[in-house]
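What follows is each chain in one-letter form.
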Amino acid sequence: MPQLPPIWYLAPFGAVSALIFAYFFYRSVRAHNPGNARMVEIAGYVREGAYAYLLQQYKGISIFFAIALAVFLFLAYGLRVLDPMIPWGFMSGGIMSGLAGFIGMNTATMASSRTAQACSESLNRGLKVAFRAGGVMGLTVVGLALVDISAWFYILNLIGYPLEKIAVVMLSFGMGASTQALFARLGGGIYTKAADVGADLVGKVEADIPEDDPRNPATIADNVGDNVGDVAGMGADLYESYAGSILATAALGMSAVLRLSATNPAISSFMINFIAAPLVLAGFGALLSIIGIFIVSTKEDAGMKELMAALNKSVYLSSVLIALASFIVCKTLLPSEYYLGIFLSSVVGLAAGILIGHTTEMWTSHSYRATRNIVKQGEYGSATVILEGISVGMLSTAMPVLIISAGILIAYVVSGGFHHVELGLYGIGFGAVGMLATLGVTLAMDAFGPIADNAGGNAQMAYLPKEVRERTDNLDAVGNTTAAIGKGFAIGSAALTAMALLAAYLEKVRDAFVMLGTKVGEIQYLDIRYGSVSERVEASLASLNQFIDYYQVNPLNPKFLLGIFIGAMVVYVFSALTIKAVGKAAGLMVKEVRRQFTTMPGILQGKTKPDYARCVKISTIGAQQQMILPAIIGIVTPIAVGLILGVAGVLGVLIGGLTTGFVTAVMMNNAGGAWDNAKKYVETGESGGSGSAVHKATIVGDTVGDPFKDTAGPCINILIKLMSMVSIVFGGFIVAYSPKIEALYTPKATRQIEQSAPVSPPADSILIQDQILMK
């Protein structure tokens, strides 16, 4: 059993510390005054609805996980194309992800009335209550993910698994978190936007009553949706990215050491250090996020920019400290000739995360021109508002794409990728870990948004004084921007994580070859063709480039190209289905709200209490029914393509999904955020204020943007990671059975030519490639 480096224990220590402080912040928020009886009653309705929804969702997910577990047990113990530990790691990842979402939602529903009450005392106190409640979500996600990963790493190492096997087996554990994240984000997104759209269209536009007015039957469902979609859903989403980046980078570290030790055997002793480094950095990040949450505060007369500065200072401080921690980790664990490049890769990831946050703020905050231009277009009607918002979303894709592209290239170069491909990919993965190392703070900022939104709703429904609603509106406006920044951050981290998972998939393919050899008692070789000459390389020693050559992953291979087309298509079909799902559920909500207004006229007069529970039930049923088909498409596509088109087809699907999905998700996120804040800007008194023609036009824009920014957009970044994880878990199955299906449509003559190509004897693969290239 390899000895764990002493610094490794910082990972579980950071995890436990994060959970302890999450509990501390929970108790701190709970100790605040929950407000008057009316505020407590409203918060109770929201909490009851949120619990009812999550209970129903977890029942459905439990059935899926039971079926998936049975499939994985068959693959592991029946077909023997899966490691026996993977089914149990899959379950633990899903359970931890679901638990993190539940704890975050529980805290958020408890915090809404307390934030509203705190705002009646001071703006600074309201900010602290909301942000620390969000901090519970952030630290819980970080703590549970690190506990899960650290525990499995320690157990597998203890029972004698080789390090090469540990890295690849643990990589597959991420599918449980990915699956849970998709169901949580997709179901929660459909729920919240069905309620939001229904409440806005009938309440604001038709009945001309304010947002969160207690006379609106859908307002409780709307507030419930903020919690199940933007708190529980986002928590599960970023749990998946966080765990996926650590696991993928660990696997790439193992691959880098295997490749480097071929020419320098002394490097092989560093394998456990390369695997442990991302875990240790994440442990440091958990500790430093606690400091970041503590320092958030603001002055009483703070405006939008001052409030954003108060939140941003926690991110900046955490980022500077994590950069210093990264230097210590790399210097301590990695070889002297490589540590500096890997350290710089983590700094690049940190910088990319901050820059994406800034560009998102520029395109979505009403402090900037892009959102204010949407308001100007509102003078001409809702159609021009929609056109302007779509163009804002499209234009906003440029900077994030360039930032991520530059980040990937710089991380690859500084870590030595042009000398050793595997080392460059490890650098990219380390960049993703660096970006997500401060997740405790960045997720706190994101969860702060729906908590502030719910506090505003609570203040409105409890008829609190005007100045209280103004304070909650200030926090809500900032929360809209932080939520947009959080979504931008989630998309950016998903791109880097998916890039790392792409390379990690080839490691799983290598492991599948080795497992097949063990199954039949033979060493597996790759017969790689270069024109009329072939070389034979032992699969366990082949480089990633040699696997790419073996499977002909290039633009001239139609299997690869078809995979790219299918991957791009899946993004649009998935998005269409999620938006249609919101439309269907919202239609039912609109009918119900209209019915109540018509059959119970006392509601609008304030004499009759609306039937809130009926609207909550409509959203719950609609979300559960409509989320199934999009989820199945995301899970089944890479398996079906892999069996028909092989490994090259799977890589094509992952690349098509990543590139198309990243750009589409950024566009939807920023367009939706800009539409939402344009409406908020009008509600501050601009362009005629609430109730004006411009206001109604921006409400329509916000309604269109709701499923963009809170359903389809956020779910896309889960989709691209889930397809990668599914490909990794089913990698052994595809390697074993896809050749049999491909043989059905591959011309026999072609197969004979491939089999008759001259094969060179096993030798040093790099030398053979050089000889072939010289010829």
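The structure presented is a predicted model; accordingly, all values stated were derived computationally and were not measured.

This part covers the overall build of the protein. Along the backbone of the protein there are 24 helices and two strands. Relative to a compact globule of 775 residues, whose C-alpha radius of gyration would be 28 Å, the protein shows 26 Å and is just as compact. Taken along its principal axes, the extent of the C-alpha atoms in the protein is 90 × 55 × 45 Å. Within the span of the protein, comprising 775 residues, buried residues form 64% of the whole. Charge separation in the protein, taken as the distance between the mean sites of 51 positive and 51 negative side-chain charges, equals 4 Å.

Any two aromatic rings considered together are summarised by their centre-to-centre distance and by the angle between their planes. Counted according to the given criterion, the structure contains 28 aromatic pairs. Here the aromatic rings of Phe-24 and Phe-294 are separated by 6.1 Å at their centres, their planes lie at 40°, and the arrangement is tilted. Placement of Phe-24 in helix α1 (residues 10-30) and of Phe-294 in helix α8 (residues 271-294) is noted, with a sequence separation of 270 residues between them. When the ring of Phe-513 is compared with that of Tyr-551, the centres are 6.4 Å apart and the planes differ by 65°; the resulting orientation is edge-to-face. On the criterion of sequence distance, the pair formed by Phe-513 in helix α16 (residues 466-520) and Tyr-551 in the loop between α17 (544-550) and α18 (558-599) is long-range, its members being 38 residues apart. Residues Phe-513 and Tyr-551 agree in their burial class; the two are buried. Joined through ring pairs, the aromatic side chains of Phe-64, Phe-65, Phe-72, Phe-90, Phe-183 and Phe-730 make up one cluster.

Leaving glycine aside, a negative phi is the common case for residues, and trans is the common case for peptide bonds. Unusually for a residue other than glycine, Arg-80 sits at a positive phi of about 55°. Within the element layout of this structure, Arg-80 appears in the loop between α2 (37-78) and α3 (86-119). With a phi angle near 50°, Ser-687 is a residue other than glycine that sits in the positive phi range. Residue placement: Ser-687 occurs in the loop between α20 (628-683) and α21 (693-729).

Let's shift gears to the pattern of salt bridges. This model, assessed by the stated rule, comprises 23 salt bridges. Between Arg-38 and Glu-41 there is a salt bridge whose closest N-O contact spans 3.4 Å. Of this pair, Arg-38 and Glu-41 both sit in helix α2, three residues apart, which is roughly one turn of the helix. What makes Arg-38 partly exposed here is its relative accessible area of 27%.

Before going further, it helps to spend a moment on the confidence of the model for the protein. Within the protein, residue pLDDT values average 86, and 94% of them lie at 70 or more. Throughout residues 749-775 the model reports pLDDT below 50, and contacts reaching past four residues in sequence, or to other chains, amount to 33 contacts.

Rules of the game
Residues numbered from 1 in each chain as written. Predicted model: local features only at pLDDT ≥ 70, side-chain atom pairs only at ≥ 80, totals over all residues. Heavy atoms only, no water. Helix = DSSP H or I, 4+ residues; strand = E, 2+ residues; numbered from the N terminus. Rg over C-alpha atoms; globule rule 2.2 N^0.38 Å. Buried < 20%, exposed > 50% of the residue type's maximum accessible area, 1.4 Å probe, protein only. Lys, Arg positive; Asp, Glu negative; His and termini not counted. Charge placed at Lys NZ, Arg CZ, Asp CG, Glu CD. Phe/Tyr/Trp six-rings, centres within 6.5 Å; stacked < 30°, edge-to-face > 60°. Salt bridge = Lys/Arg side-chain N within 4 Å of Asp/Glu carboxyl O. pLDDT = per-residue confidence, 0-100. Contact = heavy atoms within 4.5 Å.

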